[in-house]
Amino acid sequence: RTLVQKAFTPSRIVELEPTIRNLVNEYIDGFISKGECDIVEDFASPIPVDVISIMVGFDKKYRKMLRNVSRELVQTSSLNKFVVEITSTGQGTIY
């Protein structure tokens, strides 16, 4: 946790803002040219992975691969299985 906190200091975030803004604009431009968008699949899901890949210095050509690996990890994780199990039994319902 301490290691991650160092990466997300206010000054680092300010420093990354133009890069993140450009990244977001690239996605939005893609929606415009495509004419449609699944906001979660096409935007909310890939942005954090892309930002992290920028922060650790991965080349842009590896972002798609990293997004796919990240998606696989989430989809096959025991946490995902737990959430599916809990919600399918109704125990995850919030009243």
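Before reading on, note that the structure itself is shown above.
Computed from a predicted structure; not experimentally measured. Residue numbering note: each chain is counted from 1, following its sequence as written. Only residues with pLDDT of 70 or above have their local features reported here, since the model is predicted, and side-chain atom pairs are shown and tallied only from 80 upward, although totals for entire chains, interfaces and linings are computed over all residues. Neither water nor hydrogens contribute to the side-chain values; these are computed over all heavy atoms in the structure.

### Description of the nonpolar core
Basically, it comes down to this: Here, nonpolar core means buried Ala, Val, Leu, Ile, Met, Phe, Trp, Tyr and Cys residues that are tied together by side-chain atoms lying within 4.5 Å of each other. Buried residues are those whose accessible area, probed at 1.4 Å on protein chains only, stays under 20% of the maximum for their type, while exposed residues exceed 50% and partly exposed ones sit between those limits. Counting from the N terminus, the helices are DSSP H or I runs at least four residues long and the strands are E runs at least two residues long. The contact definition used throughout considers only heavy atoms, calling two residues in contact when any of these lie within 4.5 Å.
Of all hydrophobic cores here, the largest spans eight residues; its members are Leu16, Leu23, Tyr27, Phe31, Ile47, Val51, Ile54 and Met55. Of all elements in the fold, only helix H2 (10-34) and helix H4 (46-56) reach the threshold of two or more residues within this core. Excluding anything up to four places from it in sequence, Leu16 contacts Ile54 and Met55.

### Here we look at H2
Formally: Take the number of residues in a helix, subtract one, and multiply by 1.5 Å to get its expected span. One fitted axis covers the seven residues ending at a residue, a second covers the seven starting there, and the bend at that residue is the angle between these axes.
Under the 1.5 Å per step criterion, the end-to-end length of H2 is 35 Å for 25 residues, consistent within 8% with the ideal 36 Å. Remark: the principal bend of H2, roughly 45°, maps to Glu17, with a proline, Pro18, within the next four residues. Looking one or two residues beyond H2, the residue adopting positive phi is Gly35, at roughly 90°.

### Thoughts on the packing of aromatic side chains
Put simply, the rule is: Ring geometry is summarised as follows: Phe, Tyr and Trp rings, the Trp one being its six-membered ring, pair when their centres sit within 6.5 Å, and such pairs are stacked at plane angles under 30 degrees, edge-to-face over 60 and tilted between the two.
Within the structure shown, the criterion is met by two aromatic pairs. Centroid distance Tyr27 to Phe43: 6.4 Å. Interplanar angle 85°. Geometry classified as edge-to-face. One end of the pair, Tyr27, is in helix H2; the other, Phe43, is in helix H3 (residues 39-44), with 16 residues separating them in the sequence. Note on Tyr27: relative accessible area 15%, which makes it buried. Here Phe31 and Phe43 contribute two aromatic rings whose centre-to-centre distance is 5.8 Å and whose plane-to-plane angle is 65°, an arrangement assigned as edge-to-face.

### Re the environment of Asn68
Secondary-structure assignment places Asn68 in helix H5 (residues 63-76). Residues Asn68 and Pro46 lie 22 residues apart in sequence; the distance between their C-alpha atoms is 9.3 Å.

### Brief notes about H4
Helical geometry: 3.6 residues make up each α-helical turn, so side chains three or four residues apart lie on a common side. Most of H4 sits out of view: eight of its eleven residues are buried. All of the buried residues in H4 are Pro46, Ile47, Val49, Asp50, Val51, Ser53, Ile54 and Met55. Immediately beyond the C-terminal end of H4, within one or two residues, lies Gly57, with a positive phi of roughly 90°.

### Describing the environment of Asp59
Test applied: Each polar contact in these results corresponds to two N or O atoms within 3.5 Å; when the atoms are within protein, one needs to be able to donate a hydrogen and the other to accept it, and residues that are neighboring in sequence are counted only if both atoms are side-chain atoms.
Take Asp59: it is sitting in the loop between H4 and H5. Among the polar contacts listed, one links the side chain of Asp59 to the backbone nitrogen of Lys61, at a separation of 2.9 Å.

### Considering the packing of H2 against H4
Our working rule: To get an axis, a line is fitted to the C-alpha atoms, and for a helix only the part in contact is used. The angle between two axes follows their N-to-C directions and goes from 0 to 180 degrees. When an angle is under 35 degrees it counts as roughly parallel; over 145 it counts as roughly antiparallel; between 65 and 115 it counts as roughly perpendicular; any other value is oblique. Handedness of each helix crossing follows the sense of rotation of the near helix against the far helix: counterclockwise by less than a right angle gives left-handed, clockwise gives right-handed. Any residue that is not Ala, Val, Leu, Ile, Met, Phe, Trp, Tyr, Cys, Pro, Asp, Glu, Lys or Arg is counted as polar, Gly included; the first ten are nonpolar and the last four charged.
Packing of H2 against H4 leaves a shortest axis separation of 11 Å and a crossing angle of 130°. In terms of axis orientation, H2 runs oblique to H4. Here H2 and H4 pass one another in a crossing that is right-handed. Contacts from Arg12, Leu16, Thr19, Ile20, Leu23, Val24 and Tyr27 of H2 reach H4 at Pro46, Ile47, Asp50, Val51, Ile54 and Met55. Of the residues contributing to the contact of H2 with H4, the split by class is ten nonpolar, one polar and two charged.

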